[in-house]
Every structure is written in C-alpha cells, then in structure tokens.
Amino acid sequence: MNPAALIPLPDPLQVPWGWFQFLLLLTFFLHLVVMNIMIGCAFIALVKELLAPAGRSDLCREVSRQLTYAIAFTVNFGVAPFLFLQVLYGQFIYTSSIIMGAYWLAVVFCLIAAYSLAYLYRFQFDAWEGGRRWFLGLSLAIMLLIGFFFTNNMTLMQSPERWAAYFNHLGGFFLNFGEPTLLIRYLHFMVAAVAGGGLFLAGLAHFQNRLPDEDRRARIKNGLLWFTYATVVEVAVGILFLFSLPRPVREIFIGGDWLATLLFLGSLVGAFYCLLYGIRQKLWPAVGALLLTILLMVLVRDLARQAYLAPYFHPSQLPLAPQYSPMLLFFLILIVGLGIIAVMLRLAWQSTKEEQA
Ligand code: HEM
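Source: prediction; values computed, not measured. (Residues numbered from 1 in each chain as written. Predicted model: local features only at pLDDT ≥ 70, side-chain atom pairs only at ≥ 80, totals over all residues. Heavy atoms only, no water.)

Undergrad: An account of the domain arrangement of the protein chain is requested, with residue identities and associated values reported.
TA: On domain assignment, one finds that the protein chain holds domain 1 (14-177) and domain 2 (180-303). The C-alpha-based centres of domain 1 and domain 2 are spaced at 19 Å. Contacts between the two partners involve 35 residues from domain 1 and, on the opposite side, 29 residues from domain 2. Between domain 1 and domain 2, the buried area comes to about 2,900 Å², and carbon and sulfur atoms account for 74% of it. On the domain 1 side of the contact with domain 2, Phe29, Asn36 and Ile44 bury the most area, a combined 19% of that side's loss. Here Glu62 makes a salt bridge to Arg210, at a shortest N to O gap of 3.1 Å. Between the two partners, domain 1 and domain 2, sit five residue pairs in polar contact (both at pLDDT 80 or more). Secondary-structure elements contributing two or more residues to the side of domain 1 that touches domain 2 are α1 (17-51), α2 (58-99) and α4 (132-157). Of the residues in the side of domain 1 that touches domain 2, the class split is 20 nonpolar, ten polar and five charged. (Domains from an automatic or database assignment. Contact = heavy atoms within 4.5 Å. Buried area = accessible area lost by both parts, 1.4 Å probe. Salt bridge = Lys/Arg side-chain N within 4 Å of Asp/Glu carboxyl O. Polar contact = N/O pair within 3.5 Å; in protein donor to acceptor, adjacent residues only side chain to side chain. Helix = DSSP H or I, 4+ residues; strand = E, 2+ residues; numbered from the N terminus. Nonpolar A, V, L, I, M, F, W, Y, C, P; charged D, E, K, R; others polar.)

Undergrad: Any details on the packing of helix α8 (residues 258-279) against helix α9 (residues 283-309)? Residues and values, ideally.
TA: Each packed pair of helices is defined by two parameters, the angle between the axes and the distance between the axes. Contact geometry for α8 and α9: axes closest at 8 Å, N-to-C directions at 155°. In terms of their interaxial angle, α8 and α9 are classed as roughly antiparallel. Between α8 and α9 lies a crossing of left-handed hand. Here Leu259, Ala260, Leu263, Phe264, Gly266, Ser267, Gly270, Ala271, Tyr273, Cys274 and Tyr277 of α8 come into contact with α9, specifically with Pro285, Ala286, Ala289, Leu290, Thr293, Leu296, Met297, Leu299, Val300 and Leu303. The residue makeup of the contact of α8 with α9, split by class, is 17 nonpolar, four polar and no charged. (Axes fitted to C-alpha atoms, helices over the stretch in contact; angles between N-to-C directions. Parallel < 35°, antiparallel > 145°, perpendicular 65-115°, else oblique. Left-handed = near helix turned anticlockwise from the far one by under 90°.)

Undergrad: Before we move on, could you go through the coordination of the iron atom of the ligand and cite the residues and values that matter?
TA: Looking at the iron atom of the ligand, one finds just one donor atom contributed by the protein, His31 (NE2), at 2.2 Å. Its location among the elements puts His31 in helix α1. (Donors = N, O, S within 2.8 Å, 3.2 Å for Na, K, Ca; no water.)

Undergrad: Run through the site of the ligand, naming residues and quoting values.
TA: Close to the ligand lie 23 residues; His31, Phe150, Arg185, Arg301 and Arg305 are nearest. For the ligand, an oxygen atom lies 3.2 Å from a polar atom in the side chain of Thr151. Arg305 has a polar side-chain atom sitting 2.7 Å from an oxygen atom of the ligand. A class-by-class count of the residues in the shell around the ligand yields 16 nonpolar, four polar and three charged. (Near = heavy atom within 4 Å.)

Structure below.
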C-alpha cells in the first residue's frame, strides 16, 4: 500500500506557516522546560524518599509544594503547542492519535490520577509519613507513562509507512514499538528531565533565604550534582539516539544540510557547557547553558521531523487563505492570559510564603 494514500487532505492556513511554526517551537520549548522540572523534581524526591528513612525531609517537602504547580504548568504549556501542531501537521497527528486512540484518550485520565496523587503527596505529607512515597512514586510512574504515550504519538505521526498497522489493531491499542528510535528517544527526554530537575532544585535553594547558609549551599551542590551526572548519562544516550535515526534523517545533521548541522553542533557545544558548568558548580551559567541547549534541541528535533516527513509533506506546502483577524484576536487574548497567569503566580507565591512562615 502507498502510505501517501493514507494521509488526509490538510485544511488551508489563515496566515503564513512561519507564524505557526514560531509559536509551535516557542510554546513547545516552554512545555519541555516545565516538563523537565516536573519529572526531574519528582524523580529526585522519590530517590530521597526511598533512600532516607521515612520522616523529616525538607527537600521532599519542598518538592511536594512545587510539584502540583509544575504539573499544572506542564499541562497548560502542553495545550498551546498541541494547537499549533494540529494547525501545521493536523493530517498527521490526527491520524496517529486515532491509530493509538485507546492510549491517547487514556492520557486525560492518567493526568487526573497523577495530579490527584501529587496533591495527596503534598497535603498528606506529615499525616502519611510512611506511605507518602507511594503517592509520589505512583504519580511519577503515571507521568512517565504519559511521556511514553507522547513519544509514541510523535514518532508515529512522522511515519505514515507504519499507519497500515491500524488494520490489524482496529481498537486503537497500537504502540509504535516497531520504531527503532522509540525507546532511546524517550530515554533522551527523561534523562534530560532529571538534569533539569536537579538544576531547578539548585536554583530554588539559591532563593531560599530562610534556610541556614550551610543547608542552602548543600542543596545547591546536591542539585548541581544531579544535573552533572544526568548530563553525563544524557551524552551517552544522545549518541545512541543519533545513531538510531534513519540514515537520511541523521545525515542532515552531519553535513547534509548546513542549517541542521549548525544547530546540531550548537546543541553539542551547549551540552559541553552544561557539563563544564555542572562540574565547576556554577549555577547560573549552567542554567543559561541548559536553556540554550534545550532551545537548540527543540529546533533540531523539528528539523528531524521535517526530514522524516520530507517524502510526503512540508508545512510550507499548506494552502493559504489569508484572514488575519483571528490571529490578532489570538495575540490579544494571549497577552490578557499571560497577565492573569502573572497575577495567579504572585498570589500563589505569597500564599506559599505564608504557609512556610
Ligand atoms: C505528565 C504530562 C506530560 C509529559 C510527561 C509530557 C512529555 C512530553 C514529551 C517527552 C514530549 C516529547 C515527545 C517526543 O517528541 O518524542 C512531549 C511532546 C509534546 N507534548 Fe507533552 N507531556 C505531558 C503532557 C502534555 C499535555 C497535557 C499536552 C497537551 C495536550 C502536551 C502536549 C505536547 C505536545 C503538543 C508535544 C509535541 C510538540 C511537537 O511535536 O512539536 N503534553 N511531551
């Protein structure tokens, strides 16, 4: 069967595709940053819960406070790129979502469960001292599962040649295990999240003036250690990921396409500086290096998707039916929405400070 025959016809765009591309990349970058904080902090806190005897753990208590916010932000910053992804790649993402429909729909219920467990972890922190690690562990396991469903969908959407699997899995119970990059790609995201979580905890400790100086320094050091070790593992995972890519995709990053090669080299330099600043325990330069590396990796990932889909489609081929007013309205609502989020964050910050006092 010709896979191209399975790709539905796209709808026209109202404004040139570059606008949506820019917004997709920007919002996905934000999604990844908060996803890293969410998964990374939960993982580090779980390790602490498991290693330390049940009882007092300031770091875990801190994570219990931050985790519920991190989940809320991950979800909200996930919806935005999802909208832009549908605009640019709707004919691909809708199809792959249907093929793995049972798992895709389960994401909503998984999210509710993970979020509820994170709230239990936070509000039963002292009351369920012995059992609270279960709340956190289950919440993290579900979040990891959601991430896995996302990697399945993102790899499936860019491989129409696999879509015929639908005819053998009509119930929507299909996962993309035949994709050679699936597990290593997933690992690439999750190991990076541990690095990001460690760095976030180090940064957070920097601002916690109520902590004794010695504790604060110990927390910063510990967060940077997580960051550094996870980055070392990430370098190995990244190399394996690169070599698991199909040759035509890999080649664009090693000289086949100058922009892809430049961005890829840039992200490698970024990773090098992450390691360097991590080893030297330089907190803010490490934060800068990590954010830059994530941004470059987001661009690299997007070029990889374009290379996967090159035989079938490029977003620049989408028909255009100009109509600018919806976009203007969107930006207006975006500005108002960001203002409301800023107010909410201020209120949340004040209430956390009161809670701590
Ligand atoms: C526990 C919650 C979540 C986790 C752990 C998570 C994790 C991830 C990961 C690892 C990826 C990259 C997958 C890949 O490329 O292989 C991803 C992509 C993505 N996520 Fe999330 N995600 C979560 C929730 C959400 C939610 C609720 C949404 C909103 C519907 C969302 C929207 C997206 C979108 C649109 C992409 C792909 C963007 C693109 O391909 O350009 N995520 N997510």
